[in-house]
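Remarks on the overall topology
Below, each chain spelled out in residue letters.
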Amino acid sequence: MFRTALRNVFAHKARLLMTVLAVMLGVAFVSGTLVFTNTISDALQNSSAKGFDQVDVAVTTEYQEAKGDKVGEVPELTDALLDDSAKVPGAASAIGVVSGFTAVADKDGDLIGDGWSTQGGNYWGAKDPRYPLTDGHAPKGAGEILIDSKTAERTGYGVGDTVRMSVDGPVITPKVVGVFTTDDGNVAAGGSLTLFDTATAQKLFGKVGTYDEIDVKAKAGVTQAALKAELDKALPKDLVETTTGKELADEQAEMIASSMSGMKQGLLVFAGIALFVGTFIIANTFTMLVAQRTKELALMRAVGASRRQVTRSVLIEAFVVGVVAAVTGLLAGIGIGAGMRSLMGSMGAVVPDGPLVISPGTIVAALAVGVLVTMLAAWLPGRRAAKIPPVAAMSSVHAKATTKSLVLRNTLGALVSAAGVAVVLAATTMDGSEGQAPMGMGAVLLIIGVFILTPLLSRPLIAGAAPVLRLFGVSGKLARQNSVRNPRRTAATASALMIGLTLITGMTVMAGSLQKTIDKMASASIEADYVVSMANGNHLDPDVAEKLAEADGITAISPLRNAESRINGETEYLTGVNGATIGELTDLKVEQGAFEVGGTKVVVDADTAEDHGWKAGSAFTAAYEDGKKQRLEVAGVYEGNEMIRGIMVDLPTVAPHQSDPVDMQVMVKMSDGASSASKDSLVKALDTNPAIKVQDKQDISDETAKMFTLMLRMLYGLLAMSVIVAVLGVVNTLAMSVFERSQEIGMLRAIGLDRKGIKRMVRLESLVISLFGGVLGIGLGVFFGWAAGELMGTTMATYELVLPWGRMGVFLLLAAVVGVLAALWPARRAARLNMLDAIKAE
């Protein structure tokens, strides 16, 4: 039986090629993902580990939880603690570390890197061992900085150049006095690091006389654990926490592994989708191969082969196909992994140097996936082949499905589909987070149910295309009949395309609806012409609002300032606003009372009011960060949204209680409204600051749209693999169908149907099957998009379903193109069949 199975593989190698390609693509996706993420993770971990070479023990402070009316706070690391750390037995030196966001503009005035990765810090003394200088000298005073060598290389800055930069608002223009090298992970990943002298860094980052961390270096022969023990004895345990350099490196490695795990899982999901689609091709291929060899299998049964041996022979064929596909997929995946790393570099993302990582786990996973997926998909056709009685099999080449099996399939499909719809509909009535798992489960059930029902659905849906197919004469009529001749085969072929288009359509509907929601949210709640904020979402210095207030043409302005407080034993963040102008800058629906902010009168969003049991006229006591308390009155309750929510308090009320006030945004209204001249006026008022964004409503909407567009492009690219696999499925089914119907095609040629007619028949058959899968996929995608929207609508009051008719038309056109392209080779092959040889074929 083993030799027979191998003989069959080599005898049908051309027909198995598409199956090998389908599995190979899925395996390549899996192995490429593992190689890429392992390589990047290993490079980042090695790079970050080097960054802790100068740290034997790090001293940090622990956040003091809020208790009673006292807000939470972070104790300060003072010079006294730095001195104490340096004096403990076994310590060679101690360095105070200060860091924070630092935006640097390139020579064109644009922000270097992403906001989160542009950092600043302090250079310790005349020679900091953490940052070896390659040029220049240590910074001295507020007018001097150091930049990292990679930033110098990317921007062209060098010693003696003046750089425009900002920390939390105002622009400063220091001179570059040195260039250093660093193993900082952010720099390795494309960010920048700017260093000031310690006193300047402390002043700029609002940490005068204090540090974020104290790094202690051990004397020769002293272990990190021993130094940590000495520091634990000398420093107050209730204020500080000590961590060894090795522990820091391990924590960083774990964080990198965790972040890469999310990317890995996301990519593997799409690889899984491609493999799932591939199972339809495998099952279809082996079903057709078994059907074409029914007499052969029956003869084997007649000469003594058992059912188990017949099934085993089919599985051996699948095993050989799986091994070939897995090995070629693994090799292709290694190439994909290397290519993805190079692609990241070409797109501007900098990845630390390191070898390509091909772990034993990757090899095992690739082989296991390829072999198991192929054998599992081939098991059912093999089992069906073994169940056919020898006499019945020898008397008929094609064993048709019995009425009982079709009724059973349709009943099961209807029940599973109904269950899926019921679960999805139930999930739409739940709150956002609670409904996610049920909706996912319902979606899976519905897709499975529709797949089971696809043979039943194929007849009425394909019949709907009959009027159009009649326009193509005999070829059109034959194409329609061939499409429904074997509903199970048509269903398996169309389902492969259906799954990819379901996901693509559903994501497109959700993205379009969310974009519309953001647009409505911005236009419905913001009356300000411009919103000013930091490029990285960090806080703004209050000086920004003061500078903007001096600009020409401003009619109303208000910062949005965060202020931590304790209310009824819970932490609540108050939003300090200009009570006199906030009403002009927002357009929030008032549910109770009046929108009045001033003195002790505040307004509260509906969710917060409900949580505390407040209504218009209620009073509560707020404890501020300085320990003082104040009685506040709820003047009104408004409907909040994702952009504006919380407790709004007049700035003069809350500002005296803040030691280090910061603003999250500044809202501005101009006399001339939103215009290029107005925007230029605000930008100039801020000295063309690279760290600050000045956005009108359209800019906010466009920024969101850009994010959704990028996300969709990534998803389209990832799902393209499943569409390619689906195309292979259509090609494979048509090619094997042509072989199976060789005699029939020969007869058609004999009675007068020319080669063009044969080609047209195969192409139309392919087009009908592909459009059938496209219609099902788009229909399911719209349903899932609507359901997900209903779920999101529970947390977004402005949510509105948007059906992207244009894109859905493009998706349907894509399905048609898939059908036309997939039919090119099978149609040409069918037309080139020798008429007499085809008639003689069995």
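Structure report, in brief. Since this is a predicted model, take the numbers as computed values, not measurements. (Residues numbered from 1 in each chain as written. Predicted model: local features only at pLDDT ≥ 70, side-chain atom pairs only at ≥ 80, totals over all residues. Heavy atoms only, no water.)

1. So, the overall build of the protein
- In terms of regular secondary structure, the protein is built from 28 helices and 25 strands.
- Considering the protein as a whole, with its 842 residues, one finds that 49% of them fall into the buried category.
- On the protein, roughly 38,000 Å² of surface is accessible, and the fraction owed to carbon and sulfur atoms is 59%. (Helix = DSSP H or I, 4+ residues; strand = E, 2+ residues; numbered from the N terminus. Buried < 20%, exposed > 50% of the residue type's maximum accessible area, 1.4 Å probe, protein only. Areas by Shrake-Rupley, 256 points an atom, 1.4 Å probe, with all protein chains shown as cover.)

2. Quick notes on the pattern of salt bridges
- Going through the model one piece at a time under the given rule, you end up with 10 salt bridges.
- A salt bridge links Lys207 to Asp212, with the shortest nitrogen-to-oxygen separation between them at 2.8 Å.
- Judged by its relative accessible area of 29%, Asp212 is partly exposed.
- Between Lys601 and Glu596 there is a salt bridge; the shortest N-O distance is 3.5 Å.
- In this structure Glu596 comes out as partly exposed when scored by relative accessible area, which is 38%. (Salt bridge = Lys/Arg side-chain N within 4 Å of Asp/Glu carboxyl O.)

3. Digging into a nonpolar patch on the surface
- Residues Val327, Leu331, Leu356, Ile358, Ile363 and Leu367 make up a contiguous nonpolar surface patch of roughly 460 Å² in combined accessible area.
- Secondary-structure elements contributing two or more residues to the nonpolar patch are helix H10 (307-346) and helix H11 (360-387). (Patch = residues over 30% accessible without salt bridge, like charges linked within 9 Å, V, L, I, M, F, W, Y side chains within 5 Å.)

4. Quick look at the sheet that holds strand E15 (residues 240-244)
- Pairing is antiparallel in the open sheet, where four strands are placed in the order E3-E14-E1-E15. Pairing within the sheet leaves two strands with one partner each, and these edge strands are strand E3 (91-97) and E15. When the angles between neighbouring strand axes are averaged without regard to direction, this sheet yields 20°.
- This element, helix H3 (residues 79-87), spans strand E1 (57-61), E3, strand E14 (213-218) and E15 of the sheet and lies at about 155° to E3.
- Packing against the sheet, helix H7 (residues 224-234) makes contact with E1, E3, E14 and E15, and its axis sits at approximately 170° to E15. (Pairing = 2+ DSSP bridges. Axes fitted to C-alpha atoms, helices over the stretch in contact; angles between N-to-C directions. Contact = heavy atoms within 4.5 Å.)

5. Here we look at the packing of aromatic side chains
- This model, assessed by the stated rule, comprises seven aromatic pairs.
- In this arrangement the basic side chain of Arg409 is found over the ring face of Phe451, its NZ or CZ atom lying 5.8 Å from the centre. (Phe/Tyr/Trp six-rings, centres within 6.5 Å; stacked < 30°, edge-to-face > 60°. Lys NZ or Arg CZ within 6 Å of the ring centre and 35° of its normal.)

6. Section: the pairing of strand E6 (residues 118-123)
- A large share of E6 lies buried, amounting to five of its six residues.
- Where strand E4 (residues 99-101) meets E6, three bridges bridge the pair, whose relative direction is antiparallel. Paired with Ser99 across the two strands is Gly121, which belongs to E6.

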